[in-house]
Amino acid sequence: MPPNVVPLDLRDFLCIAPALVLAFWGLVVIAADLGRFRRLDPDARRVACGRATLVGVGLALASAVFLAWVDALAQSDAPRLVALFGDSLGGYFARTDGLIFFGTLARGLAVDVLNVLFLVLLAMVVWMSTSYGFTDDLGEYFALMLWATVGMMLLAAAEELATLFIALETTTICLYLATAFERSRRRSAEAGLKYFVYGSVSSALFLYGLSLVYGLAGSTYFDAIGRVLRGGDAGLAGNLAGASALLLLLVGFGFKVSAVPFQQWVPDVYEGAPAPVAAWIATGSKVASFVAMLKVFVHALGPWSHPSGSVMGPGWLGVVAVVAAVTMTYGNLAALAQKDLKRMLAYSSIAHAGYMLVGVAAASVSTEGPASAGAVVYYLIVYALANVGAFAVAAWLARDKGTEAIADLDGLAGRSPSLAVCIVVLMLSLIGVPPFAGFFGKLYVFMEALRQGPSDTRIVLTWLVALGLFNSVVSAFYYVRVLKAMYLREPSGRPIEPARPALALPIAAAAVLVTVLGVVPGPLVDLSRSVAVPMLTAGRLDVPAAVDVPAPAPPAEKPSGVAWHPETPTD
Amino acid sequence: MANDIPLNWFLYFSAAAFAIGLTGVLLRRNAIAVLMAIEIMLNAANVNLVAFWRYGTPAAGAGPMPGVILALLVVTVAAAEVAVGIGLVLLCYRRWRAVDVDRYDTLSG
Amino acid sequence: MARSLFLAIAALGLLAALGTVLARNLVRAALHLVAFFFCVACLFVMLEAEFLAAVQVLIYIGAVAILLMFGIMLTRNAATAEADLSGGWRVPGVIAGLCVFAALAFGINNAVSPSGSGAWSAIVARPALEPAEGVAWKAERSRAIDDMPRVVGEQFMTRYALAFELAGLLLTAALVGAVALAREEPAPGDSEPATAVEAEAAVGTTP
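Residues numbered from 1 in each chain as written. Chains lettered and ligands numbered in written order. Predicted model: local features only at pLDDT ≥ 70, side-chain atom pairs only at ≥ 80, totals over all residues. Heavy atoms only, no water.

Counting its secondary structure elements, chain B contains 3 helices and 0 strands. Ordered by position from N to C terminus, the α and β elements of chain B give α-α-α. Taken across its 109 residues, chain B has 83% of its residues classed as buried. Relative to all contacts within chain B whose residues are 6 or more apart in sequence, the contacts with residues 24 or more apart total 57%. (Helix = DSSP H or I, 4+ residues; strand = E, 2+ residues; numbered from the N terminus. Buried < 20%, exposed > 50% of the residue type's maximum accessible area, 1.4 Å probe, protein only. Contact = heavy atoms within 4.5 Å.)

The next thing to look at is the packing of aromatic side chains. By the definition in use, this model includes 35 aromatic pairs over all chains. The interplanar angle of 45° and the centroid separation of 6.3 Å between the aromatic rings of Tyr141 of chain A and Phe181 of chain A together place this pair among those described as tilted. Of this pair, Tyr141 of chain A sits in helix H6 (residues 138–157) while Phe181 of chain A sits in the loop between helix H7 (161–179) and helix H8 (186–217), and the two are 40 residues apart along the sequence. Ring geometry for Phe36 of chain C and Phe37 of chain C: centres 6.4 Å apart, planes at 50°, overall tilted. (Phe/Tyr/Trp six-rings, centres within 6.5 Å; stacked < 30°, edge-to-face > 60°.)

With 48 residues of chain A at the contact, the number on the chain B side is 48 residues. Here chain A packs against chain B, burying approximately 4100 Å² in sum over the two surfaces, 75% of which is carbon and sulfur. Our count for the contact surface shared by chain A and chain B stands at 0 salt bridges. At the boundary of chain A and chain B, one finds 8 residue pairs in polar contact (both at pLDDT 80 or more). Looking at the side of chain A that touches chain B, the elements that each hand over two or more residues are H7, H8 and helix H11 (265–272) of chain A. Among the elements that take part in the side of chain A that touches chain B, H8 of chain A stands out by supplying 23 residues, more than any other. Looking at the side of chain A that touches chain B, its residues break down into 25 nonpolar, 11 polar and 12 charged. (Buried area = accessible area lost by both parts, 1.4 Å probe. Salt bridge = Lys/Arg side-chain N within 4 Å of Asp/Glu carboxyl O. Polar contact = N/O pair within 3.5 Å; in protein donor to acceptor, adjacent residues only side chain to side chain. Nonpolar A, V, L, I, M, F, W, Y, C, P; charged D, E, K, R; others polar.)

Residues and elements named next belong to chain A. Inspection of every chain in the model, using the stated rule, returns 23 salt bridges over all chains. The salt bridge partner of Asp268 is Arg343, with a shortest N-O separation of 3.3 Å. Here Asp268, found in helix H11, pairs with Arg343, found in helix H14 (residues 341–365); they are 75 residues apart in sequence, far enough to count as distant. Considered together, Asp268 and Arg343 belong to a single accessibility category, that of buried residues. Ionic pairing is found between Lys342 and Glu404, a salt bridge with its closest N-O pair at 3.4 Å. A residue pair is termed long-range when its members are at least 10 positions apart, and Lys342 in helix H14 and Glu404 in the loop between helix H15 (374–401) and helix H16 (412–415) qualify at 62 residues. There is no split in this pair, since Lys342 and Glu404 are both buried. Each of the salt bridges in this network shares a partner with another, and the network as a whole consists of Arg187, Glu190, Lys194, Asp268, Glu271, Lys342, Arg343 and Glu404.

Moving on to the interface of chain B and chain C. With 81 residues of chain B at the contact, the number on the chain C side is 99 residues. Of the roughly 8200 Å² buried between chain B and chain C on both sides combined, carbon and sulfur atoms contribute 73%. Taken as a group, Arg28, Arg54 and Arg94 of chain B account for 10% of the area that chain B buries against chain C, more than any other trio of residues on that side. Across the chain B-chain C interface, the total number found is 2 salt bridges.

Looking now at the packing of helix H3 (residues 66–96) of chain B against helix H8 (residues 161–182) of chain C. The interhelical angle for the contact between H3 of chain B and H8 of chain C, taken along N-to-C directions, is 10°, at an axis separation of 9 Å. By the criterion of interaxial angle, the relationship of H3 of chain B to H8 of chain C is roughly parallel. Here Leu73, Thr76, Val77, Ala80, Ala83, Val84, Gly87, Leu88, Leu91 and Arg94 of chain B of H3 of chain B come into contact with H8 of chain C, specifically with Ala163, Ala167, Leu170, Leu171, Ala174, Ala178, Leu181 and Ala182 of chain C. Broken down by class, the residue content of the contact of H3 of chain B with H8 of chain C amounts to 15 nonpolar, 2 polar and 1 charged. (Axes fitted to C-alpha atoms, helices over the stretch in contact; angles between N-to-C directions. Parallel < 35°, antiparallel > 145°, perpendicular 65-115°, else oblique.)

What follows deals with unusual backbone geometry. All names here are of chain A. The residue after Val260, namely Pro261, is reached through a cis peptide bond having omega 5°. Relative to the assigned elements, Pro261 resides in the loop between helix H10 (240–256) and H11. Residue Pro435 follows Pro434 across a cis peptide bond; omega there is 5°. Inspection of the secondary structure assignment puts Pro435 in the loop between helix H17 (417–431) and helix H18 (437–450).

Moving on: the environment of Leu10 of chain A. Residues and elements named next belong to chain A. By the secondary structure assignment, Leu10 is in the segment before helix H1 (12–15). Using a relative accessible area of 61% as the deciding quantity, one classes Leu10 as exposed. For Leu10 and Phe101, which are 91 residues apart along the polypeptide, the C-alpha to C-alpha distance reads 9.0 Å.

Along its 19 residues, helix H2 (residues 17–35) of chain A runs 26 Å from first to last C-alpha, staying within 8% of the 27 Å computed at 1.5 Å per residue. Those residues of H2 of chain A not exposed but buried are Ala17, Pro18, Ala19, Leu22, Ala23, Trp25, Gly26, Val29, Ile30, Ala32 and Asp33 of chain A. Packed against the buried residues of H2 of chain A are H1, helix H3 (42–76), helix H5 (109–129) and H6 of chain A together with H8 of chain C. (Expected span 1.5 Å × (residues − 1).)

Dropping the structure here:
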């Protein structure tokens, strides 16, 4: 290797330990399924595979919690870290630049918190998958779920466009495949193909937009793009290439977060996919995509949000505001007509994407700065928890009745009163009724939207908030239909069987978490805000505010400190 | 080099190829034909990336060849995408004896 | 000389792309696609990225196009049975394509790079790479051009190590999932028993 190449710091791999564990465990599960479990009868094999997968998720969760502890310690008591782990490792962990792998990936408490969230959700989804037999290729199925999670974790941590693109593709390709895994039904294969076609077209559009951004900025690092765009005096006015790039990137993210007009695939895929896969598309993939979207739009393309100070000026803020308004209205109105539980959840997840887009728009203009994106992070956490529980209900119906009609829930309150209460909690949280967490999610997003400086943006965002409140009222109608079926109707045919622990536990856990986070929202809100700041400023922490001045040469004893731009000192 | 090719020529080529690919996605109903149109779009983006790499001025700290690396990753992704796409198409073909995206009928959308 | 060569290759490439999109016969479309891939590889050579051109030929023509051919052959009777261009959508589709091209071309024509290198339309030649005082990227890029495989390897082992690992995971996942899906299934009553050709396709998706 020539002397001018800065070698990779192998300690960086410690910081992505959860992802490494999951990636390796996917192979372990396949091998165990091929070698041992295949001889068991189907039910035992499914439970064995699920348990084996859960062991891996547990290991990854342990490593993520450990890293969160280390990173929390680095912020509060760095010398102790050095004392605990020695100079080399302790000093490494105590670094505050928040970037690893030459700046392509973020590390730190923000990443750890999101990793813990992904792993908790994944554990619930895996558990739910053991409840009914929808596929024969169990080892492959669980491995794909694990690998999709690896993609999501790295997508949420990516700080550079090449890493972002490959992580995005890993996530979605694993999910295309998992969608088509339900062997017994044709609609699963159709949903998989549909998801694949829409998904790959949108990622091709996304890639073209990405290439234009690279051409305009000359770099693929979010922070460098942001600095270049801030330095350009022209803004976006008259820059049609920049505008095309923005729109193409918006198509890519709009597809992943299911915003109108890129939502056509959502109801079909959610309906056709096995319930646990649909749950993972609706929660994990959406959380990761929203985090990546916040990073790209607010951090990298932030200078283009409203360059001339007016919301409808040349910038993405106006476009995102319009998309948010249309998305929440369309999602809620279309959900009113649904009879199938998974389709209803699909349209409701479109509506929730609309509320969160309000938060994205707000984050770019809020007077609070990057911390305002904390509202979106909080909303994402709450939304994901409630939705995993709701999809567990869908899995219950699918196991028992083979369909997921809301009418199948008739009379549930008489047979499983405690689970019915849990479902009530989940639905109320999705509507946004206090004291459940969904209420605070909406409250904080809308509050950020109202906390504006320039008067022009304030008017538009106030209208957006008013529309959001109206939509919340509309959404109550379809969520309440679920409650009505459980409490007011008598079962018409064979009543639903009581849930097994594999289903009851995710539902109950989601309901308890949503209640606790609603009754005591403070800690999580503070955590989300502290997560959002490094998420949207990573790379700027150690770079002096004066742009384009090369960073000082790295100190000799710690070459990895600023190793992510090794050529700047010479240039 | 007085007679060198201007940057814009590459960009026009890639814009045209991208538009052709997009038209193909909109026109074709056959899943494999859509897959081919997507490949054209990915290649168009690759031409853009490499042209920007060769002609552009890099920002500080961008690395020697971000465009080429991204293009190589795109090639990898395209290979994986085609493998997955053909797998899904075969699966659907076995169930419907058809590869047209709108011939499948189990989902109401 | 370089300009006329470029124009010839670009014209051929665009014609091949049009042929891919418009050909009714899918095998013919795939052959046009191979020609398009080859023209793109030639453009990579003109951009002094020979390594990438080699990769393009090996992977796109050697693997992707062959895989598409497999797909076409295995679904042959369905693929050739009917005219597949959708009638009602033809005019709006073509108009949408033309609009996208017009918007992009107009944008490219007027684009000004905020990074300080000026308007794209003013860049009529690639930057000269003689080593100059204080401009490290020129030396870096000329090394990348002269020794591209080595620099690509260095980049994938250092700066883009994670993206490289992730690409490996992506290929593994695609392989495992595609084999599981395309494998011949034991379920009876499902249209027809899978043939030996289909088993071969499952193998074909693995490289």
